[in-house]
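Here is what each chain is made of, one letter per residue.
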Amino acid sequence: MSAYKSELLQVLSSRGYIHQVSEPDALDALAKSSSLTAYIGFDCTAPSLHVGSLLPIMMLRWLQKTGHRPISLMGGGTTRVGDPSGKDESRQLLTDAMIEQNLNSIRAVFAKFLGFGEGTTDAVMANNADWLNQINYIDFLRDVGRHFSINRMLAFDSVKLRLEREQELSFLEFNYMILQAYDFVELYKRYGCVLQMGGSDQWGNIVNGIDLGRRLAQAQLFALTSPLITTTSGAKMGKTAAGAVWLDAKMVSPYEYWQYWRNTEDGDVARFLKLFTELSLEEIGRLAKLKGQELNEAKKVLATEATALLHGRAAAEQAAVTARATFEEGVTAETLPTIEIQGPALERGLGVLAALHGARLVGSNSEARRLIQNGGLKVNDQTLDDERRILTVADLRNGVIKLSLGKKRHVLLRPV
RNA sequence: GGAGGGGUGCCCGAGUGGUUAAAGGGGACGGACUGUAAAUCCGUUGGCUUAGCCUACGUUGGUUCGAAUCCAACCCCCUCCA
């Protein structure tokens, strides 16, 4: 690590966000002497962002905290084209209305990490649909297309690898990097944005933007990429039993989110503390020294800090309390995820299979039956061995029935 | 437009007329062991009103007692040629 002089690069590099930087010295000097504007692009094919997007969001957050202006660029325009990779499934293109809806809920997530407004370091939310949708093909070819050399584009890894493996590369994909380069220049013109950040796989695209900026606007632009984050065991981040770990509380509750971080692998704890919390490096260094079972304390800190950033301190503390009661004291915490059921249904007697399905612990009755055979389901902490078991009012403990799948997933049924 | 190859379960991939709900692997989930970790081992992995029934091997028809397997048409993907 070279010794950066600007606070921005010091922070990003010491916390492990940096993989590559173009012209680091010039960028460092600029970041030290002035307030930069920088952006990261996000796609909006899903209704919410998930944990995989957290790293770039944190970079924007640090950017703002060190006195610069972040822009989150939504790919409203590029999403309309659809991602050409993954050609096996006939993916439907999203309608404009769906894209708009996704944009709105994603915006809510950003608001938790960044301060938006009109000030000089207030975050900006841009949407490339604003300019991409207007483009006239011929004009675009003449103004932008002439600056791209096919010879050079063919040399980019993303293209070269595909060609070497004789994999199909559509014209659409080939153009993707041109559109992204254009975004960069457009943001430079509109906001004076001089830095694009992104995952290491974006390097080629970003560099294209830098070139285009020089040719089109005589601008000096910069690239900064972050390493691709996988867990120690090599898996991509953000997938669990229940699917993706979304950042929207309606899709993944704060408790579940806390649990996700609590279950971090040992080898990832220190790295994740640096990347996904704002604890000081000294504090993290102390936590990272913990060994064996004690490391669990560090995981709890990670879980609480990471959850606090997204869902607020109160929700995070409550998740921690719920988890302690559930796992360490063996008590049924009332704050576990709760499903309301109809009181009369319980009086009549509710089949466990239906109850489990209703609580969304299982996807089908067959799945529940299998789990019962494997001893993986519990009612009020008692292993369930009879799939015909009927739940009644007599099963209520303190007004709820606790259903458990495995050791970690619990749901309370509460009659209303 | 011509020639050839191919479309199988979450993914990869075997299977060319009869216990095939479909080998094997990956992934995932459950159990054991642990520290709500990793590794390891065991089990499970289409659905339902589960001794049974239904739905499934690109789509639609056909042959047959019986089809993922044979035939026809169509759709889609890949390779080569024009």
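Keep in mind that what you see is a predicted model, and the values were worked out from it rather than measured.

J.: Can you help me understand a nonpolar patch on the surface in this one?
T.: Together, Y137, I138, L141 and F171 make up an exposed nonpolar region whose accessible area comes to about 450 Å². The topology assignment puts L141 in helix α7 (residues 137–143). Assessed through its relative accessible area of 40%, L141 is described here as partly exposed.

J.: Help me understand the pattern of salt bridges in this model?
T.: The final tally for this structure, using the stated rule, is 15 salt bridges. For E297, the salt bridge goes to K300, with nearest N and O atoms at 3.3 Å. Taken together, the residues span about one helical turn, with E297 and K300 both in helix α15 (residues 295–311) at a distance of 3 residues. Residue classification places E297 among the partly exposed positions, given a relative accessible area of 43%. E305 is the salt-bridge partner of R313, the closest N and O atoms lying 3.0 Å from each other.

J.: Help me understand empty space enclosed by the protein, please; the structure alone is not making it clear to me.
T.: Rolled over the atoms, a probe with the dimensions of a water molecule shows which regions are left empty. Summed over all chains, the structure comprises 1 cavity of 30 Å³ or more. Counted as a void, the largest cavity has a volume near 80 Å³. Forming the walls of the largest cavity are H147, F148, S149, R152, M153, F156, N208, D211, L212 and R215. Elements represented by at least two residues in the lining of the largest cavity include exactly α8 (150–153) and α11 (203–217). Among the elements that line the lining of the largest cavity, the one with the most residues is α11, at 4 residues. Along the lines of polarity and charge, the residues of the lining of the largest cavity split into 4 nonpolar, 3 polar and 3 charged.

J.: Hey, could you run me through the protein's contact with RNA strand B in this one?
T.: Near RNA strand B, the surroundings consist of 28 residues, among which N263, D266, S366, R369 and R370 are the closest. Sugar plus phosphate: this is where 68% of the atoms of RNA strand B within 4 Å of the protein reside. Within the side chain of K408, a nitrogen or oxygen atom sits 2.9 Å from a phosphate oxygen of RNA strand B. Breaking the surface near RNA strand B down by element, the ones donating at least two residues are α12 (254–262), α15, α16 (313–328) and α19 (365–373).

J.: Any chance you could explain the environment of L275 here in plain terms?
T.: Mapped onto the elements, L275 comes out in helix α13 (residues 269–276). The exposure class assigned to L275 is buried, which follows from its relative accessible area of 1%. Not counting chain neighbours up to four residues away, the residues in contact with L275 comprise R15, G16, Y17, L55, M58 and I229.

The rules we used
Residues numbered from 1 in each chain as written. Chains lettered and ligands numbered in written order. Predicted model: local features only at pLDDT ≥ 70, side-chain atom pairs only at ≥ 80, totals over all residues. Heavy atoms only, no water. Patch = residues over 30% accessible without salt bridge, like charges linked within 9 Å, V, L, I, M, F, W, Y side chains within 5 Å. Areas by Shrake-Rupley, 256 points an atom, 1.4 Å probe, with all protein chains shown as cover. Salt bridge = Lys/Arg side-chain N within 4 Å of Asp/Glu carboxyl O. Helix = DSSP H or I, 4+ residues; strand = E, 2+ residues; numbered from the N terminus. Buried < 20%, exposed > 50% of the residue type's maximum accessible area, 1.4 Å probe, protein only. 1 Å grid on protein atoms, 1.4 Å probe; cavity = no way out; pocket = protein on both sides within 12 Å on 5 of 7 lines; lining within 4 Å. Points joined across faces, edges and corners; volume = space filled by probe spheres on them. Nonpolar A, V, L, I, M, F, W, Y, C, P; charged D, E, K, R; others polar. Near = heavy atom within 4 Å. Polar contact = N/O pair within 3.5 Å; in protein donor to acceptor, adjacent residues only side chain to side chain. Contact = heavy atoms within 4.5 Å.

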